[in-house]
There are 2 protein chains.
Amino acid sequence: MGVGGVSKRIILGRKLRSSQLGETLLPKRIALPVFASDALSSVAYAPDEVFIMLSVAGVSAYAFSWKIGIAVALVMATVVLSYRQNVHAYPSGGGDYEVATVNLGRRAGVTVASALLVDYVLTVAVSISSGVQNAAAALPFVDGHETEWACVLVALLAALNLRGVRESGAAFAIPTYGFMIAVLGMTAYAAMRAAEGNLPDVESADLKLLPASGYEGEISQIAMIFLLARAFSSGCAALTGVEAISNGVPAFQKPKSKNAATTLLLLGAIAITMLISIIVLARNMGLRYVDPHDLERLRQGDGSPLPDGFDQHTVIAQIAKAVFSDFSPGFYFVISMTGIILILAANTAFNGFPVLGSILARDGFAPRALGSRGDRLAYSNGILFLAAMAIVLIVAFQAQPTRLIQLYIVGVFVSFNLSQLGMIRHWTRHLKTEKNPAERRRMYRSRAINTFGLAMTAVVLVVVLLTKFLLGAWIAILAMIVFYVIMMRIRQHYDRVEAELVIGDADPIMPTRVHAIVLVSKLHKPTMRALAFAKATRPNLLEAVYVGFDQDETDKLLEDWDQRRMDVPLKVLYSPYREIIRPIVEYAIEIREANPRGVVAVYIPEYVVGRWWEQILHNQTALRLKGRLLFTPGVMVTSVPYQLRGSEVGKEREDRVLYRSRPGDIRRGGRDR
Amino acid sequence: MGVGGVSKRIILGRKLRSSQLGETLLPKRIALPVFASDALSSVAYAPDEVFIMLSVAGVSAYAFSWKIGIAVALVMATVVLSYRQNVHAYPSGGGDYEVATVNLGRRAGVTVASALLVDYVLTVAVSISSGVQNAAAALPFVDGHETEWACVLVALLAALNLRGVRESGAAFAIPTYGFMIAVLGMTAYAAMRAAEGNLPDVESADLKLLPASGYEGEISQIAMIFLLARAFSSGCAALTGVEAISNGVPAFQKPKSKNAATTLLLLGAIAITMLISIIVLARNMGLRYVDPHDLERLRQGDGSPLPDGFDQHTVIAQIAKAVFSDFSPGFYFVISMTGIILILAANTAFNGFPVLGSILARDGFAPRALGSRGDRLAYSNGILFLAAMAIVLIVAFQAQPTRLIQLYIVGVFVSFNLSQLGMIRHWTRHLKTEKNPAERRRMYRSRAINTFGLAMTAVVLVVVLLTKFLLGAWIAILAMIVFYVIMMRIRQHYDRVEAELVIGDADPIMPTRVHAIVLVSKLHKPTMRALAFAKATRPNLLEAVYVGFDQDETDKLLEDWDQRRMDVPLKVLYSPYREIIRPIVEYAIEIREANPRGVVAVYIPEYVVGRWWEQILHNQTALRLKGRLLFTPGVMVTSVPYQLRGSEVGKEREDRVLYRSRPGDIRRGGRDR
């Protein structure tokens, strides 16, 4: 649709029916990949973390791996069921932030928002780090330079999002379905080979795994429980991204809530299947896996240390290599799909960030400009901020998912908890007024599910805090506090301003007269236009004002002025120090002081040029002057533009920037150009 | 003098007599240090370069050192005499640029300006590099980290100049006179010790100096001449900065030209004395000095290689160490004065840059905003650019003055040449009209001096180009070409715009009606004020315009509007995609299309807040909107500011930024606050 058509539709002042926006809403088969990449991609690193934690107690502890997998799957199932309630109750797309704000108040809402902001940064850092670790298994030139590659990838993603990519369902669908096919296909192929009795071992199966120091002998029960708790909380990384669908309900086709709930269930089922598959495969194929900082705990079969330059490949890479030992394209397919979905997962943060930003802006917790389309500058700053923070984390933790994951899960579970707590309040409140017994039964059931969800996620949060606080979770909590304070201060500022701006009982004072001054730098078309426009407003007094540095130039202008028989008097302000702004500001103040009930209208002729470098060559002083005059009470500043030939180029650039597609468009639904 | 007083003086519209500006003009004793630091500081590196070049032919070639010193001194004397003519003929401070432009045309002027720009960058790079090389002799922690320290110093200088330092004569006088005392005092002390017969040798006197490969045996006459030419052209680095006074004539006390000419003579005499002193001392104290890249040509007395970590100290440092072998405070005084004057010399580039910028801006070769005070932004960019380029050079050439000097002298001599050529034309032109025989005699003599100057500097330029082109001078020439092209294109742009803006014969069309729209985001005081101001201008049609995203908010506003019995109609533009800018722009276009001879006046209420972070929270959309509306013909945009409590802070900050003292103030003269 051309600009003309759109313009007609918008400016005619009639309201667009929302059904008209339906055309780009997502069917379930597209919505699933759009919202699932983050949740599914965690299958690429969550199992690794479980095995790393268990390895502390030696290879015998690997017997617990599938039990921990089941525990994580249980939590995941609970969370999915809980969020199905959210999706029905809050179909507006506000997600956890809305649920917490509505039911628990502003502080809870902002806490959730802080947690989400921290999560976005960590999603980028963890996904990209895991992606390069996987890539290292297939691409020798990445091996050993993971940090650098991760930083380059983050920078690339940021650049892409700054540039503004047209989003399409296919861009999400192909890699996400590809990844599902890769993991589930690999599992099926492995099952087939196992049935034939020739499932090979992974490459690390021949290695010996020594327990960590302190865990060599008999392990006390408490130590073992603590270890299992840590493994479990690391495994819970698989839950990140499950809440994404609850932010995206408006993008679904009708019936929105129902479709979203179904998609959520589907997502949960697939994620659980993939997670358990990977864990079981790894366990049965003899995986030995340790913290990359603890590589010396891995030994060759004869007990001798590993060769120099040994690189431990990710769990998924080791499995794929072994399963497809007789079919290497399979290996490359799994690895490349894993890498791509991890990058896609990182990209969801770049998508989610502006969406959250606009919601926060609407509520006054973020700069208001984020709340409307059109301010790309604010968005760009957000994207740069996100990328910069992620790069800091990647460099600080050397692109090791194992380290980063310690920071990751706190934020997720803080918002899970507050969201479930909010939902319980929601149902309790509605139960107070609802009379219909069928409806009440449904509400009781929903509340029970959310209560169970809260209990489960609360336990996980406590476990996470206990096991990970000192390992890095404190950084995430600190960052959340910082975000919280900033958002609260922004809101305070807006509240204070709003209070100051409330209209009192007194009628506003009508200015009695307008004294207009037109700034003149030369006698040319822009000046003539500014004078004509100023005259058209019929001020009580109109004069042209020139700031003179130099007697000759001033004389010449005065002569020109006389010659052209200009009917507006020209006032000259001499400025021996070549200052422009100060004389004008002071003249405006003087006029205003002479007539405090009048208003001074300053008209500034402005050249409008096309190219950015031409822009630098003009209007810089006008810009500064306007900025300074705004501080002067009783003054209004009018720009009278004069469009030069070639300014069209600039208009087109401006429009391109203003109306470029924006990250996250697709998950918001309803954007038809 | 308070702001009030100044304001009275400026805005009353009467012209300030220039005598009133006299109060801060410089007496000769202050003008000398203000303008001399660059020229004098080259004594700290020019002798080193002479000895480095001569060392190629082995220590025997050092016999030529004082002859080369004399040759350089001769050129210096010629140049000083020539510039005394410039100072008398062009007392306005335009310097070489003005002389070339007036007498040889625009292209020559811009060539000189390009050369000066390149020179400013190189002055910073060379002076700072030489400064850290000297510092390395006294400060062990600098030794071996010269590049890093040089970069830090440049960054510090840039920061200081960005911040805006109040300049005072004392800040220039103390280090410059200190340096003169240091060098001349050292010479006197050395002479005393020599008279007593106990002038010690410098530290490198015991070393053996091997000739460079290819120069071991008998040297052909051509090779020797080439070598001497290279040594001479390196020594001519001592001439950089001599032209500074010709740019600063307006800052001198009356009689300006005479005082400037006298100061120039004084400067030349001091510089020559210092240069010759250093060369003679070095020669007599047995100096052995090679290119730092050729250190292996220095051997210990027994022919064995130098110990690891040997650092060759600068000539001035070696002399000072030996002369003051019995009085170490003397050594530290010389070294620290040398370091300080070199930093001061680098600072002159930061001072000269804005002065040149404003002259170029006046003539349309640089952004116009540079031509008036008040646009600090443009200056800041200039300072950052200068610092960045200098840092690039320092890093590329590892802070070695020997390498950098190859680029340096081309620019200086290009402007010397064009300036002298211009002066010859100047006298010839004046001789055509001048009748007074005494005056004519004076002119003939001046022309003869300038002709001799041109001959001399032309020879040097050719020698420099021949000996240094491949060693780095090509970089300087390339940079000059780039600057030249940029400046010419800027001027072309301004010329094109000016041609387009010339007022034709047709009278400008007076708009027949004004349709005013006031943008409303809420019903609060800023809106009320904007409505009141808009009403005061009595437009033909006035309406308030609101962009609605959301039915509830829109309804609430309409209700408020009715309740307050606003006498202005409110028009709602629905914008389902939360766009603000597009609906308004399109509405303005629609109004204009309906009435092409009318003008649309858009009134935007703006909040004026105090702190910078508050600024970010407001008006971002207004800013974008204004930017976009400027491209729409027939629209003028009025900002109606509403000053919030606390906006005073912002005004003060704005004034601080606008009226801060600016680098180069003192060399322009006449700035009384």
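Starting afresh in each chain, residues are numbered from 1 along the sequence in its written order. Chain letters and ligand numbers both follow the written order, the letters beginning at A and the numbers at 1. Thresholds applied to this predicted model are a pLDDT of at least 70 for local features of residues and 80 or more for the giving and counting of side-chain atom pairs; totals over whole chains, interfaces and linings are not thresholded and use all residues. To get the side-chain values, take all heavy atoms of the structure and skip hydrogens and water.

Chain A appears in an unreviewed UniProt entry as APC family permease from Nocardioides marmoriginsengisoli. Recorded under Subcellular location (unreviewed entry), the UniProt text for chain A is reproduced unchanged: "Membrane". UniProt positions are given in the numbering used here, feature names are shortened, and annotations may be inferred rather than shown by experiment.

**Structural notes on the overall build of chain A**
Within chain A, the regular secondary structure consists of 23 helices and 7 strands. The contact definition used throughout considers only heavy atoms, calling two residues in contact when any of these lie within 4.5 Å. Pairs at least 24 apart in sequence give 83% of the contacts found in chain A among residues at least 6 apart. To measure how exposed things are, a 1.4 Å probe is used in the Shrake-Rupley method; for residues, cover is taken only from the protein chains shown. If you sum the accessible surface of chain A, you get close to 27,000 Å²; carbon and sulfur atoms cover 61% of it. Strands here are runs of E lasting at least two residues and helices are runs of H or I lasting at least four, both read from the DSSP assignment and numbered beginning at the N terminus.

**Observations regarding the side chain of Asp291(A)**
All names here are of chain A. With respect to the secondary-structure elements, Asp291 resides in the loop between helix 11 (256-284) and strand 2 (298-299). Among the polar contacts made by the side chain of Asp291, one reaches the main-chain amide nitrogen of His293 at a distance of 2.9 Å. Those residues in contact with Asp291 that lie beyond four places of it in its chain are Ile52, Thr402 and Arg403. Polar contacts here mean pairs of N or O atoms no more than 3.5 Å apart (in protein, one a potential hydrogen donor and the other a potential acceptor; neighbouring residues in sequence count only if both atoms are side-chain atoms).

**Brief notes about the domain arrangement of chain A**
If you check the domain split of chain A, you get domain 1 (41-300 + 312-495) and domain 2 (514-658). The C-alpha-based centres of domain 1 of chain A and domain 2 of chain A are spaced at 57 Å. Residue ranges labeled as domains rest on an automatic or database domain assignment.

**Some remarks on the UniProt feature "transmembrane region" (unreviewed entry) in chain A**
All names here are of chain A. What UniProt calls "transmembrane region" (unreviewed entry) maps, in this numbering, to residues 50-83, 170-192, 263-282, 331-356, 377-399, 405-427, 448-466 and 472-490. Regarding residues 170-192, the helix share stands at 100% and the strand share at 0%, and the terminal C-alpha atoms are separated by 31 Å. The span residues 263-282 is 100% helix and 0% strand, and its two end C-alpha atoms sit 29 Å from each other.

**Quick word on the sheet that holds strand 5 (residues 570-574) of chain B**
Pairing within the open sheet is mixed, and its 10 strands lie in the order 5(A)-4(A)-3(A)-6(A)-7(A)-7(B)-6(B)-3(B)-4(B)-5(B). Either end of the sheet is taken by a strand with one partner, and the two such strands are strand 5 (570-574) of chain A together with strand 5 of chain B. Put simply, the sheet's adjacent strands are angled 30° from each other on average, direction ignored. Here 9 bridges tie strand 6 (residues 599-608) of chain B to strand 7 (residues 635-643) of chain B, and the two strands are oriented parallel to one another. Within the sheet, the bridge partner assigned to Glu606(B) lies in strand 7 of chain B and is Pro641(B). Structural elements are reduced to axes, namely lines fitted to C-alpha atoms, with helices fitted over the stretch in contact, and the angle between N-to-C directions of any two is expressed from 0 to 180 degrees. Along the sheet, helix 18 (residues 551-563) of chain A makes contact with strand 3 (514-520), strand 4 (541-548) and strand 5 of chain A, crossing strand 5 of chain A at roughly 175°. The pairing criterion is simple: DSSP has to find at least two bridges between the two strands.

**Re the pairing of strand 6 of chain B**
Strand 6 of chain B sits mainly inside the fold: 10 of its 10 residues count as buried. Only protein chains enter the accessibility calculation, which uses a 1.4 Å probe. A residue is then buried if its area is under 20% of the maximum for its type, exposed if over 50%, and partly exposed in between. Alternating positions in strand 6 of chain B separate into two faces, Val599(B), Ala601(B), Tyr603(B), Pro605(B) and Tyr607(B) on one and Val600(B), Val602(B), Ile604(B), Glu606(B) and Val608(B) on the other, with burial throughout.

**Looking at the nonpolar core**
Residue and element names in this part refer to chain B. Definition used in this section: a nonpolar core is a set of buried Ala, Val, Leu, Ile, Met, Phe, Trp, Tyr and Cys residues joined via side-chain atoms within 4.5 Å. One finds Leu40, Met186, Leu239, Ile319 and Phe413 to be the most contacted residues of the largest nonpolar core, which totals 162 residues. Counting residues per element, this core draws most heavily on helix 6 (residues 106-138), at 19 residues. The contacts of Met186, once residues within four sequence positions are left out, are Ile181, Ile278, Ile316, Ile319, Ala320, Val323, Phe324 and Val334.

**Remarks on the pattern of salt bridges**
Should a side-chain nitrogen of Lys or Arg be within 4 Å of a carboxyl oxygen of Asp or Glu, the pair is scored as a salt bridge. Evaluation of the coordinates by the stated rule reveals 28 salt bridges over all chains. In this structure, the salt-bridge partner of Glu606(A) is Lys626(A), at a minimum N-O distance of 2.7 Å. Of this pair, Glu606(A) sits in strand 6 (residues 599-608) while Lys626(A) sits in helix 21 (residues 620-629), and the two are 20 residues apart along the sequence. Given a relative accessible area of 3%, Glu606(A) falls into the buried group. Arg442(B) is paired through a salt bridge with Glu439(B); the nearest N and O atoms lie 2.8 Å apart. Of this pair, Arg442(B) and Glu439(B) both sit in helix 16 (residues 437-501), 3 residues apart, which is roughly one turn of that helix. Of the residues examined, Glu439(B) reaches a relative accessible area of 25% and is grouped as partly exposed.

**Concerning a negative patch on the surface**
Put simply, a patch holds well-exposed residues, over 30% relative accessible area, that have no salt bridge, with like charges counted together within 9 Å and Val, Leu, Ile, Met, Phe, Trp or Tyr side chains within 5 Å. We score Asp and Glu as negative and Lys and Arg as positive, and we do not count His or the chain ends. The location of each charge is read from NZ of Lys, CZ of Arg, CG of Asp or CD of Glu. On the surface, a cluster of negative charge is made up of Asp550(A), Asp552(A), Glu553(A), Asp555(A), Glu559(A) and Asp562(A). Structurally, Glu559(A) can be placed in helix 18.

**A few points about a nonpolar patch on the surface**
Together, Leu465(B), Phe469(B), Leu470(B), Trp474(B), Leu478(B), Val482(B) and Ile486(B) give the surface a local cluster of nonpolar side chains, amounting to about 690 Å² of exposed area. Since its relative accessible area comes to 77%, Leu470(B) is described here as exposed.

**A few points about the packing of aromatic side chains**
Aromatic contacts are taken between Phe, Tyr and Trp rings whose centres are within 6.5 Å, Trp giving its six-membered ring; a plane angle under 30 degrees counts as stacked, one over 60 as edge-to-face, and the others as tilted. Throughout the structure, instances matching the rule amount to 20 aromatic pairs over all chains. Judged by centre distance (6.1 Å) and plane angle (80°), the rings of Phe385(A) and Phe483(A) are edge-to-face. Of this pair, Phe385(A) sits in helix 14 (residues 376-396) while Phe483(A) sits in helix 16 (residues 437-501), and the two are 98 residues apart along the sequence. For Phe483(A), a relative accessible area of 14% corresponds to the buried category. Ring geometry for Phe331(B) versus Tyr332(B): centroids 5.0 Å apart, planes at 65°, classification edge-to-face. Classification of Tyr332(B) by relative accessible area gives partly exposed; the value is 46%. By way of ring pairs, the aromatic residues Tyr83(A), Phe413(A) and Phe416(A) are connected into one cluster. The ring of Phe365(A) carries Arg491(A) above its face, with NZ or CZ at 5.3 Å from the centroid. Criterion for a charge above a ring: Lys NZ or Arg CZ within 6 Å of the ring centre, and within 35 degrees of the ring normal.

**Regarding the pairing of strand 3 of chain A**
Residue and element names in this part refer to chain A. Burial runs high along strand 3: 7 of the 7 residues are buried. Residues Val514, Ala516, Val518 and Val520 line one face of strand 3 and the alternating positions His515, Ile517 and Leu519 line the opposite face, and both faces are buried. Note that strand 3 and strand 6 share 5 bridges and pair parallel. Across the sheet, residue Val514 finds its bridge partner in strand 6, namely Val599. Regarding topology, helix 17 (residues 525-536) serves as the crossover connection from strand 3 to the parallel strand 4, and that connection is right-handed. Handedness of a crossover is defined as follows: with both strands directed away from the viewer, a clockwise route from the first strand across the helix to the second makes it right-handed.

**Some words on the packing of helix 7 (residues 146-163) of chain B against helix 13 (residues 328-362) of chain B**
Each pair of packed helices can be summarised by the angle the axes make with each other and by the distance between the axes. Residues and elements named next belong to chain B. Contact pair helix 7 / helix 13: the axes reach a minimum separation of 11 Å and the direction vectors enclose 45°. With respect to helix 13, the element helix 7 is oriented oblique. Judged by the twist between their axes, the crossing of helix 7 over helix 13 is right-handed. Of the residues in helix 13, those touching helix 7 at Leu153, Val154, Leu157, Ala158 and Asn161 are Ile343, Ala346, Asn347, Phe350 and Asn351. Here the term charged refers only to Asp, Glu, Lys and Arg, the term nonpolar to Ala, Val, Leu, Ile, Met, Phe, Trp, Tyr, Cys and Pro, and the term polar to all other amino acids, Gly among them. For the contact of helix 7 with helix 13, the per-class residue count stands at 7 nonpolar, 3 polar and no charged. Note that the term roughly parallel is reserved for angles under 35 degrees, roughly antiparallel for angles over 145, roughly perpendicular for angles of 65 to 115, and oblique for everything else. It is the rotation of the near helix from the far one that decides the hand of a crossing: anticlockwise by less than a right angle makes it left-handed, clockwise makes it right-handed.

**With respect to the environment of Glu439(A)**
With 134 residues separating them in the primary sequence, Glu439(A) and Pro305(A) have C-alpha atoms 66 Å apart. Looking at Glu439(A), its side chain comes within polar contact range of the side chain of Arg442(A), at 2.8 Å.

**Some words on the packing of helix 4 (residues 65-89) of chain A against helix 9 (residues 221-235) of chain A**
Residue and element names in this part refer to chain A. Two elements in contact, helix 4 and helix 9, have axes whose closest approach is 9 Å; the angle formed by their N-to-C orientations is 50°. The orientation of helix 4 relative to helix 9 falls into the category oblique. Taken as a pair, helix 4 and helix 9 cross one another with a handedness that is right-handed. Between helix 4, through Ile68, Ala71, Val72 and Val75, and helix 9, the contact on the second element is made entirely by Leu228, Ala231, Phe232 and Gly235.

**Quick look at helix 16 of chain B**
Residue and element names in this part refer to chain B. The terminal C-alpha atoms of helix 16 lie 48 Å apart, and with 65 residues this falls more than 12% below the ideal 96 Å at 1.5 Å per residue. If you look at helix 16, its biggest bend is around 110°, right at Phe469. For helix 16, the capping residue at the N-terminal end is Asn436, with a side-chain oxygen 2.9 Å from the backbone nitrogen of Ala438. A helix is expected to span 1.5 Å multiplied by its residue count minus one. Across the chain, bend at a residue is computed as the angle between axes fitted to the seven residues ending at that point and the seven starting from it.

**What about unusual backbone geometry?**
The omega torsion across Lys254(A) and Pro255(A) is -5°, close enough to zero to call that bond cis. On the secondary structure map, Pro255(A) appears in the loop between helix 10 (244-247) and helix 11. The phi torsion at Gln398(A) lies on the positive side, around 50°, for a residue other than glycine. Structurally, Gln398(A) is set in the loop between helix 14 and helix 15 (401-433). Not every positive phi belongs to a glycine, and Arg538(B) is a case in point at roughly 45°. Within the element layout of this structure, Arg538(B) appears in the loop between helix 17 (525-536) and strand 4 (541-548).

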